[in-house]
Amino acid sequence: MANDSEIHDRLSRVEEIIEQLDADECDLDEGTALHEEGQELLTEVREVLDGGSGEVVELE
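Numbers given to residues run from 1 along each chain, matching the order in which its sequence is written. A pLDDT threshold of at least 70 governs which residues receive local features in this predicted model, and a stricter bar of 80 or more applies before side-chain atom pairs are shown or counted, although totals over entire chains, interfaces and linings include all residues. Here the side-chain values reflect all heavy atoms present in the structure, with hydrogen atoms and water set aside.

If you look the chain up in an unreviewed UniProt entry, it shows as Exodeoxyribonuclease VII small subunit from Haloarcula onubensis.

Below, the structure is given as structure tokens:
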């Protein structure tokens, strides 16, 4: 997982959203809202990475 807390927090939330959608326990409106939230979070992660403010770490 990323060392940068901005990225980590957003990706953790995206994982939660995926789990909720995979569980198939939400209605269409809630599912749509979760999907949109996930898309927004991923856009924010891309912006952080494109801005160069994320820290690249080597995993062993």
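We are not done yet, so read on.
Bringing the pattern of salt bridges into the picture now. Opposite charge on two side chains permits pairing when their charged atoms draw close. One side-chain nitrogen of Lys or Arg within 4 Å of one carboxyl oxygen of Asp or Glu is enough to make a salt bridge. The final tally for this structure, using the stated rule, is three salt bridges. Ionic pairing is found between Glu44 and Arg10, a salt bridge with its closest N-O pair at 2.6 Å. Here the residue Glu44 occupies a position in helix α2 (residues 28-50), and Arg10 occupies one in helix α1 (residues 5-23), the gap between them amounting to 34 residues. Per-residue accessibility, obtained with a 1.4 Å probe over protein chains only, is compared with the maximum for each type, and a residue is labelled buried under 20%, exposed over 50%, and partly exposed between these values. Looking at Glu44, the relative accessible area reads 31%, which means it is partly exposed. Across the pair Arg13 and Glu37 runs a salt bridge, and its minimum N-O distance is 2.8 Å. Placement of the pair is Arg13 in helix α1 and Glu37 in helix α2, with a sequence separation of 24 residues. Using a relative accessible area of 23% as the deciding quantity, one classes Arg13 as partly exposed. Judged by its relative accessible area of 28%, Glu37 is partly exposed. Through salt bridges that share partners, Arg13, Glu16 and Glu37 make up one connected network. Here a helix means four or more residues in a row that DSSP labels H or I, a strand means two or more in a row labelled E, and each is numbered from the N terminus.

Together, Glu15, Glu19, Asp22, Asp24 and Glu25 make up a negatively charged patch on the protein surface. Among the structural elements, Glu19 can be located in helix α1. The exposure class assigned to Glu19 is exposed, which follows from its relative accessible area of 57%. Residues qualify for a patch when their relative accessible area is over 30% and they have no salt bridge, like charges being joined within 9 Å and the nonpolar side chains of Val, Leu, Ile, Met, Phe, Trp and Tyr within 5 Å. Using a 1.4 Å probe, the Shrake-Rupley method yields the accessible areas, and only the shown protein chains count as cover for residues. Here the positive residues are Lys and Arg and the negative ones are Asp and Glu; neither His nor the chain ends is included. To locate a charge, the coordinates of NZ of Lys, CZ of Arg, CG of Asp or CD of Glu are taken.

All axes are obtained by fitting lines to C-alpha atoms, using only the stretch in contact for helices, and the reported angles, taken between N-to-C directions, cover 0 to 180 degrees. Packing of α1 against α2 leaves a shortest axis separation of 9 Å and a crossing angle of 155°. In terms of orientation, α1 lies roughly antiparallel with respect to α2. Pair α1 / α2 crosses with left-handed handedness. Listed contacts from α2 to Glu6, Ile7, Arg10, Leu11, Arg13, Val14, Ile17, Gln20 and Leu21 of α1 are Glu30, Gly31, Leu34, Glu37, Gly38, Leu41, Leu42, Glu44, Val45, Val48 and Leu49. Residues are grouped as follows: Ala, Val, Leu, Ile, Met, Phe, Trp, Tyr, Cys and Pro are nonpolar; Asp, Glu, Lys and Arg are charged; all remaining types, including Gly, are polar. Per-class residue counts for the contact of α1 with α2 are eleven nonpolar, three polar and six charged. To sort the angles, those under 35 degrees are grouped as roughly parallel, those over 145 as roughly antiparallel, those from 65 to 115 as roughly perpendicular, and the leftovers as oblique. Each helix crossing is assigned a hand: it is left-handed if the near helix lies turned anticlockwise from the far helix by less than a right angle, otherwise right-handed if that turn is clockwise. The contact rule is simple, with two residues in contact once any of their heavy atoms fall within 4.5 Å.

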